[in-house]
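# Topology and contacts: notes
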Amino acid sequence: MGHVDDANGAPTYWGTSGKRLQNLITAVATTDFLLFGYDQGVMSGIISAPAFTSDFPEVNGDSTYEGFVVSIYAVGCFLGACFILSFGDHLGRRKSIFLGASIMIIGVIIQVCSQPTGAGGGPTAQFIIGRCITGIGNGINTSTVPTYQAECSHSHNRGKLICIEGGNVAIGTLIAYWIDYGCTYGPHAFVWRFPIAFQCVFALIVICLMTQLPESPRWLLSKDRNEEAATVLAALNGERRDDPAVQTQVAVIVDAIRASGHEGGVTSMRDLFTNGPTQHLRRLLLGASSQMMQQLSGCNAVIYYFPILFQTSIGTSHNLALLLGGVNMVVYSIFATTSWFAVERIGRRKLYLIGTVGQCLSMVLTFGALIPGTEEAAKGAAVGLFTYIAFFGATWLPLPWLYPAEINPLKTRAKANATSTVSNWLWNFFIVMITPVLLSNTGESGWGTYLFFAILNAIFFPIIYFLYPETAGRTLEEIDIIFAKGYSEKISYVKAAQELPRLTEAEVREKAREYGYSDEEATVDTLEKVEVEVSTPPSSD
């Protein structure tokens, strides 16, 4: 994590500071989520390919086994998220990201080395184990990367940067679909081995970039590594360590750490279940419920099984289903980019609500068009699946990765964000596991599957409307004040967010004292310590 001071005395990493350094951190985050999206989509074109079913005959014609091979990845992701839940505060953000990317590479190697023998289930078992290990690595990174980026971003563009990160899930899935499609024309072994192996490219880029990027300044301050934290904040701002803006920022973050009782940087699990002015439990549930609702909306039923949905529900050939799946992913990726420009202008709440309505109506169109059971009517279902993925890509794809990372306070952020990711992968496993079974047992062409998701989307609307406060344009410390205000004044947290004006960092400290959310004496002591430490610039080792 070495840095070098530039001619003006500002610390630099990879020779950059300020906005360019922010862009490098965004590059790591987006590459990691490209890998996430790629891994999420890669099995869709492989699982029903003749070359794959020939090498792994257990999945051929068995919808339950097919669902298990795909969904075991979510089990691995769940285990990875549980690991961060237990050890994330100890490891820090950088080491966690290194570890996650390395584990993914190991899992990929195990999968690619599966050698079909023509007898017994050994190769299939090896493939499943490798896919689970890859999932563990992804679970570690998806629990860590949004937190890392949120803690290194400024309030005015935090939402945009994390939405770029989340939106790249769609682009990664798009790459996977088209690589899958292209590989169907290659040699037998190439059809599934190359798409699986290609994941290593993204993981290696993440590892290389992280070698010279800084640790999260908020994590460093929680560990009392004040000198390093001031250096990182100065680099992110493009200023000297002794700049007044850097010192004020350190003071505000220390305020939040002291107020939340996060001294020492390790949070116990029971802290997640407390309320009071910090509202840890409420904020945990807001983040985790957003991840749960993302999965229950039906997104992965469409993403993982799009070609199979077309073959089963609409009756296309495997080749045409893959081609249409690739086109659908183009639509998905295009609409995912719209959130980059809308999330700060429109806000989180409105995007959630718009997406929920659009997804619900798309599922209504899909199941309604499938009820007659005719090929002509089924074309309407295809339209419904396309509009669904467009609404999902623009709204519910990135938002559940952004919201938990910013809604939770520093004390519980790592564990609460990991808990949200655990929620995502538990429900992901559930949906991916039951979708093939639902399609086979819910009416002709599986129309009941889409009715099920339409009802769930309708239920989400009032939950978002009445419980989710707006966070756009707020610093992470301002969001703490929203919950302290709601608790202190006994009002809805949605209303508290609407009533609270934008605050400067000095006003955040004043409001924190007003709502009993500050330890001023401890903060002054720490700030004086930081000022002494930065008066003599550290070496650039």
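Computed from a predicted model, the values in this text were never measured in an experiment.

### Focus on the overall build of the protein
In terms of regular secondary structure, the protein is built from 23 helices and two strands. Projecting the C-alpha coordinates of the protein onto the three principal axes gives extents of approximately 70 × 50 × 40 Å. Sequence-distant contacts, at least 24 apart, represent 81% of the contacts inside the protein between residues at least 6 apart. Taking the 35 positively charged and 45 negatively charged side chains of the protein as two groups, their mean positions are separated by 3 Å.

### Considering helix α1 (residues 19-41)
In a regular helix each residue adds 1.5 Å, so 23 residues correspond to 33 Å; α1 covers 32 Å between its end C-alpha atoms and thus fits that length. Within α1, 18 of the 23 residues are buried, which leaves it mostly tucked inside the rest of the structure.

### Structural notes on the packing of helix α6 (residues 158-183) against helix α14 (residues 318-342)
Running from amino to carboxyl end, α6 crosses α14 at an angle of 165 degrees, the nearest separation of the two axes being 8 Å. For the element pair α6 / α14, the angle class is roughly antiparallel. Our pair here, α6 against α14, has a crossing hand that is left-handed.

### Focus: the confidence of the model for the protein
Taken as a whole, the protein shows an average pLDDT of 86; of its residues, 92% reach a score of 70 or greater. The low-confidence segment residues 519-527 (pLDDT under 50) makes 16 contacts with residues lying over four places distant or belonging to another chain.

### Description of the packing of helix α12 (residues 280-296) against helix α17 (residues 399-407)
Relative orientation of the contacting elements α12 and α17 amounts to 170 degrees, with a least axis distance of 9 Å. Taken together, the axis directions place α12 and α17 in an arrangement best described as roughly antiparallel. For the pair α12 and α17, contact is made by R283, L286, G287, S290, Q291 and Q294 and by P400, W401, Y403, P404 and I407, respectively. Looking at the contact of α12 with α17 residue by residue, the class counts come to six nonpolar, four polar and one charged.

### Quick look at the pattern of salt bridges
Two side chains carrying opposite charge are able to pair once their charged atoms lie near each other. Within this structure, the stated rule accounts for 18 salt bridges. The partner of E151 in a salt bridge is R413, and the shortest N-O contact between them spans 3.1 Å. Note that E151 is positioned in helix α5 (residues 122-152) and R413 in helix α18 (residues 410-441), a separation of 262 residues in sequence. Relative accessible area serves as the criterion here: at 1%, E151 is assigned to the buried category. Looking at R413, the relative accessible area reads 1%, which means it is buried. Through salt bridges that share partners, R158, E344, R348 and E406 make up one connected network.

### Quick word on the packing of aromatic side chains
If you walk through the whole model with that rule in mind, you get 33 aromatic pairs. Ring geometry for F83 against F87: centres 5.1 Å apart, planes inclined by 45 degrees, an arrangement best described as tilted. One end of the pair, F83, and the other, F87, are both in helix α3 (residues 63-91), four residues apart, so they sit about a helical turn from each other. What makes F83 partly exposed here is its relative accessible area of 27%. Given the relative accessible area of 42%, F87 is considered partly exposed. Aromatic rings pair up to connect F33, F36, Y73, W401 and W425 into one cluster. Its end group placed over the ring of Y465, R349 keeps NZ or CZ at 5.4 Å from the ring centre. Over the face of the ring belonging to Y487 we find K490, whose NZ or CZ atom lies 5.2 Å from the ring centre.

### Comments concerning the nonpolar core
In this structure, M43, F52, F127, I196, Y332, I389 and F392 are the most contacted members of the largest nonpolar core, which totals 139 residues. If we ignore the near neighbours within four places in the chain, the residues touching I196 are V42, M43, I46, V108, Q111, V112 and F127. Grouped together as the second largest cluster of nonpolar side chains are five residues, I84, L85, I103 and I140 included.

### Looking at a nonpolar patch on the surface
A grouping of V357, L361, I455, I459, F461, I463, Y465, F466 and L467 is seen on the molecular surface, where their side chains present a nonpolar patch of about 820 Å² in accessible area. Residue assignment for the nonpolar patch shows that the elements contributing at least two residues are α15 (348-370) and α19 (447-467). Ranked by the residues each element gives to the nonpolar patch, the list is headed by α19, at seven residues. Structurally, the position occupied by I463 is in helix α19. Given a relative accessible area of 30%, I463 falls into the partly exposed group.

### Describing α18
The terminal C-alpha atoms of α18 lie 46 Å apart, and with 32 residues this matches the ideal 46 Å at 1.5 Å per residue to within 8%. Along α18, the sharpest kink reaches roughly 35 degrees, centred on T435 and followed within four residues by the proline P436. Of all 32 residues in α18, 24 are buried; the element is thus mostly enclosed.

### Quick word on the side chain of T412
With respect to the secondary-structure elements, T412 resides in helix α18. When its relative accessible area of 0% is taken as the criterion, T412 is described as buried.

### Considerations on the environment of P307
Along the chain, P307 turns up in helix α13 (residues 299-314). Note: C-alpha distance between P307 and A7 (300 residues apart in sequence) is 56 Å. In this structure P307 touches S44, Y177, A321 and L322, once residues within four positions along its chain are discounted.

### Points about the environment of A390
Along the polypeptide, A390 turns up in helix α16 (residues 375-394). Setting aside chain neighbours within four positions, we find A390 in contact with V331 and F335.

### Structural notes on the state of the cysteines
What is meant by a disulfide is a covalent connection between two cysteines, made through their sulfur atoms. With the rule as written, the count across this model stands at zero disulfides. The thiol of C163 is unpaired, and the distance to the nearest cysteine sulfur, on C299, comes to 15 Å. What makes C163 buried here is its relative accessible area of 0%. With no disulfide of its own, C360 lies closest to C299 among cysteine sulfurs, the gap being 15 Å. Given the relative accessible area of 15%, C360 is considered buried.

About the criteria used
- Residues numbered from 1 in each chain as written.
- Predicted model: local features only at pLDDT ≥ 70, side-chain atom pairs only at ≥ 80, totals over all residues.
- Heavy atoms only, no water.
- Helix = DSSP H or I, 4+ residues; strand = E, 2+ residues; numbered from the N terminus.
- Contact = heavy atoms within 4.5 Å.
- Lys, Arg positive; Asp, Glu negative; His and termini not counted.
- Charge placed at Lys NZ, Arg CZ, Asp CG, Glu CD.
- Expected span 1.5 Å × (residues − 1).
- Buried < 20%, exposed > 50% of the residue type's maximum accessible area, 1.4 Å probe, protein only.
- Axes fitted to C-alpha atoms, helices over the stretch in contact; angles between N-to-C directions.
- Parallel < 35°, antiparallel > 145°, perpendicular 65-115°, else oblique.
- Left-handed = near helix turned anticlockwise from the far one by under 90°.
- pLDDT = per-residue confidence, 0-100.
- Nonpolar A, V, L, I, M, F, W, Y, C, P; charged D, E, K, R; others polar.
- Salt bridge = Lys/Arg side-chain N within 4 Å of Asp/Glu carboxyl O.
- Phe/Tyr/Trp six-rings, centres within 6.5 Å; stacked < 30°, edge-to-face > 60°.
- Lys NZ or Arg CZ within 6 Å of the ring centre and 35° of its normal.
- Core = buried A, V, L, I, M, F, W, Y, C linked by side-chain atoms within 4.5 Å.
- Patch = residues over 30% accessible without salt bridge, like charges linked within 9 Å, V, L, I, M, F, W, Y side chains within 5 Å.
- Areas by Shrake-Rupley, 256 points an atom, 1.4 Å probe, with all protein chains shown as cover.
- Bend = angle between axes of the 7 residues up to and from the residue.
- Disulfide = S-S within 2.5 Å.

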